[in-house]
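Structural overview
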Amino acid sequence: MDILAVIRDRAGEYDCPVCHRSLDGCELSLVKDDDPMFTVQVSCAHCGVTFVVVLHVRHGRRRIRPPAPPQAPPIGADEVLDVRELLRAHTGSLTELLRR
Ligand SMILES: [Zn+2]
């Protein structure tokens, strides 16, 4: 399957996440072909922003998933201890604590 031809054909149905104009005429390049998962880099023809979409092609239907937002690093043991110390020393209300 020429996934890029399929996406190019349907790009006009989707809007750029930055300038919100149609993605018709966007530039496409295949980053990863892991059929039925395809990772495709898209460059908006209007504002030039480049982003990556992951498509899962299933039973002839195509879904575009937006890229997952970056995740915060896990809370470390030191941070837990810092909060514990802060709470131990605090004598006022929770609101006062959060305002500091
Ligand atoms: Zn755009």
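First, a word on what this report is: a plain description of the structure on this page. Given the structure is predicted, the values throughout are model-derived calculations rather than measurements. (Residues numbered from 1 in each chain as written. Predicted model: local features only at pLDDT ≥ 70, side-chain atom pairs only at ≥ 80, totals over all residues. Heavy atoms only, no water.)

**Overview of the coordination of the zinc ion**
Just so we agree on the cut-off: Coordination shells were defined by N, O and S atoms within 2.8 Å of each metal, extended to 3.2 Å for Na, K and Ca; water is absent from the atom set, which can make sites look incomplete. Runs of H or I in DSSP of at least four residues are treated as helices and runs of E of at least two as strands, each being numbered from the N terminus. Think of it in three bands: with a 1.4 Å probe and only protein chains considered, a residue is buried below 20% of the maximum accessible area for its type, exposed above 50%, and partly exposed in between.
All of the protein donors around the zinc ion are C16 (SG), C19 (SG), C44 (SG) and C47 (SG); their distances to the metal are 2.3 Å. Taken in chain order, the donor set of the zinc ion reads C-x2-C-x24-C-x2-C. Remark: C47 occurs in the loop between strand 2 (37-43) and strand 3 (50-58) and C16 occurs in the loop between helix 1 (3-10) and strand 1 (27-34); sequence separation between them is 31 residues. The class for C16 is buried, based on a relative accessible area of 0%. Residue C47 is classed as partly exposed on the basis of its relative accessible area, which comes to 38%.

**Structural notes on the pairing of strand 2**
Threshold: In this scheme, strands are said to pair when DSSP sees at least two bridges between them.
Counting buried residues along strand 2, five of its seven residues qualify, which places the element largely inside the surrounding structure. In terms of strand pairing, strand 1 meets strand 2 through seven bridges, oriented antiparallel. Bridge assignment links K32 to a residue of strand 2, and that residue is T39. Relative to strand 3, strand 2 is paired through seven bridges, and the arrangement is antiparallel. Residue pairing across strands places V40 opposite V53, the latter belonging to strand 3. Hairpin geometry of strand 2 and strand 3 is characterised by an intervening segment of six residues between the two adjacent antiparallel strands and by a positive phi of about 80° at G48.

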